[in-house]
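# Inside the fold
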Amino acid sequence: MNHFFNQTYKNKKVLVTGHTGFKGSWLSLLLTLLGAEVVGFSLEPDTEPNLFNILSLEKHLISIIGDIRNKDAIEKVLILHKPDFIFHLAAQPLVRRSYIEPHLTFETNIMGTVNLLEAVRKSNFEGVVINVTSDKCYENSGGTHCFKENDPMGGYDPYSASKGASEIVTAAYRNSFLNPKNYGISHKVTLASARAGNVIGGGDWSEDRLIPDIVRALYNKEEIIIRSPHAVRPWQHVLECVSGYLLLGANIYGNPIEFAEGWNFGSNENTIMTVEEILLKSLELWGSGKYKVIPEKNLKEAAFLRLDISKAKEKLGWQPVYDINQSLEKTISWYKNYYYQQTDMFEFTKSQTEEYVGILLSLMISKIEGLHNV
Ligand SMILES: NC(=O)c1ccc[n+]([C@@H]2O[C@H](COP(=O)([O-])OP(=O)(O)OC[C@H]3O[C@@H](n4cnc5c(N)ncnc54)[C@H](O)[C@@H]3O)[C@@H](O)[C@H]2O)c1
């Protein structure tokens, strides 16, 4: 495990904002397994149950409960803890909630990014900052376009617009204050951003996300309600994008100038499915369950979203590991173990993580060997 990412994270101080959330908990766990000293900055977990508490992550990292909308609070954390890496995940991440609370969404996702980057500037931080945004950051006019990193930013709904804006803010700070051309002259910060899509995996109980909605209903023996059965999405296991963020950070650490830009961490074509297909596969893995379709007329979400991941594949050596069946199997087995077995979920989540990292590492090695043999 430790050889992964060239031991870049061993004994390094890593700040994760959003560490009490779904992705942040997986990222924090993996970082601690890699030997990093993790400092987390977030609100309290806002679902019950939640992965952060299930894994007892507060025992494995320094957990600071604070609000990213408070610029002094995040600046104090940077001054006190002096991290080497920052992964910024703290956000209001739900499209439906963004329609109900647009102000909160913009304030958290845009001003939260501004506050973090101001803190980076003012605290004389030196190191790597990766802003985690979304595949929804791109201007999406429909169709089946596969988004490349240099496509224009946009966003129809408040959540998507907030993530597009967070990207624009990131680019503005990089151009104006943290320009790679001035690295080592006026600053020592590498600022990149990472865009991923629909993520699945154990330990998510967010409202209005497909897998949490399915699992909640199945456990409570209720009928599952879905709104857009024919919506087509790429589905990705959480370890896929989390490993991408870490690989990007490790590459930047070795080369702080070349990688300071936006990166897509999407999935392969074999993960693209409709909501209804995912639901049916989940029911099969669970062993029972019923559903009904109640169409939602007032909520517009992008019908199709796909990321071009050739840049991360070519320049970072990253690649998706699981097809959709494997991702779903890992996900549903996580929840079944949590609900019905007396499983130690820290050990279980750790073993899923180690298994994933082992496969990724062997794929990366065989790719390098393949290149040498050409
Ligand atoms: N889960 C997905 O499918 C997905 C897809 C694309 C992008 N993302 C992005 O990944 C990141 C993490 O998403 P997630 O799925 O883990 O969401 P989550 O809701 O599980 O976690 C969000 C985290 O942000 C923190 N947070 C929210 N508001 C805050 C505030 N005002 N101050 C401090 N912390 C605050 C929460 O406490 C929590 O730790 C987000 O930026 C999200 O937009 C997620």
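Structure's up top.
Predicted, not measured: the structure shown is a model, and the values here were computed from it.

## Thoughts on a nonpolar patch on the surface
Side chains of Tyr99, Ile100 and Tyr156 sit close together on the surface and give an oily, nonpolar patch of about 370 Å² of accessible area. On the secondary structure map, Tyr99 appears in helix H4 (residues 95-100). What makes Tyr99 partly exposed here is its relative accessible area of 31%.

## Details of the packing of helix H5 (residues 102-122) against helix H6 (residues 158-176)
The description of two helices packed together rests on the angle between their axes and the distance between the axes. Orientation of H5 relative to H6, taken along the N-to-C sense of each, is 15°, at an axis distance of 9 Å. With respect to each other, H5 and H6 are oriented roughly parallel. Two packed elements cross with a definite hand, and for H5 against H6 that hand is right-handed. Counting all contacts with H5, which are made through Pro102, Thr105, Phe106, Asn109, Ile110, Thr113, Val114, Leu117, Glu118 and Arg121, the residues of H6 involved are Pro158, Tyr159, Ala161, Ser162, Lys163, Ala165, Ser166, Val169, Thr170 and Tyr173. Residue composition of the contact of H5 with H6, by class: eleven nonpolar, six polar and three charged.

## Observations regarding the site of the ligand
Close to the ligand lie 27 residues; Thr20, Lys23, Ile68, Tyr159 and Lys163 are nearest. Between the ligand and Tyr159 there is a distance of 2.6 Å, counted from an oxygen atom to a side-chain nitrogen or oxygen. Arg209 is positioned such that a nitrogen or oxygen atom in its side chain is 2.9 Å from an oxygen atom of the ligand. Its residues assigned to classes, the shell around the ligand comprises eleven nonpolar, eleven polar and five charged.

## Section: the sheet that holds strand E1 (residues 13-17)
Remark on secondary structure: sheet strands pair via backbone hydrogen bonds, oriented parallel or antiparallel. Here seven strands make up an open sheet; going across it, the order is E3-E2-E1-E4-E5-E7-E12 and the pairing parallel. Both outer strands of the open sheet, strand E3 (62-65) and strand E12 (262-264), are each paired with one neighbouring strand and no more. Strand-to-strand, the axes of this sheet are offset by a mean angle of 20°, without reference to chain direction. One ladder, built from six bridges, connects strand E5 (residues 127-132) with strand E7 (residues 189-195); its direction is parallel. Bridging from a neighbouring strand, Gly127 pairs with Val189 of E7.

What counts, and where the lines are drawn
Residues numbered from 1 in each chain as written. Predicted model: local features only at pLDDT ≥ 70, side-chain atom pairs only at ≥ 80, totals over all residues. Heavy atoms only, no water. Patch = residues over 30% accessible without salt bridge, like charges linked within 9 Å, V, L, I, M, F, W, Y side chains within 5 Å. Areas by Shrake-Rupley, 256 points an atom, 1.4 Å probe, with all protein chains shown as cover. Salt bridge = Lys/Arg side-chain N within 4 Å of Asp/Glu carboxyl O. Helix = DSSP H or I, 4+ residues; strand = E, 2+ residues; numbered from the N terminus. Buried < 20%, exposed > 50% of the residue type's maximum accessible area, 1.4 Å probe, protein only. Axes fitted to C-alpha atoms, helices over the stretch in contact; angles between N-to-C directions. Parallel < 35°, antiparallel > 145°, perpendicular 65-115°, else oblique. Left-handed = near helix turned anticlockwise from the far one by under 90°. Contact = heavy atoms within 4.5 Å. Nonpolar A, V, L, I, M, F, W, Y, C, P; charged D, E, K, R; others polar. Near = heavy atom within 4 Å. Polar contact = N/O pair within 3.5 Å; in protein donor to acceptor, adjacent residues only side chain to side chain. Pairing = 2+ DSSP bridges.

Everything listed here is a matter of geometry and, on its own, says nothing about what the molecule does.
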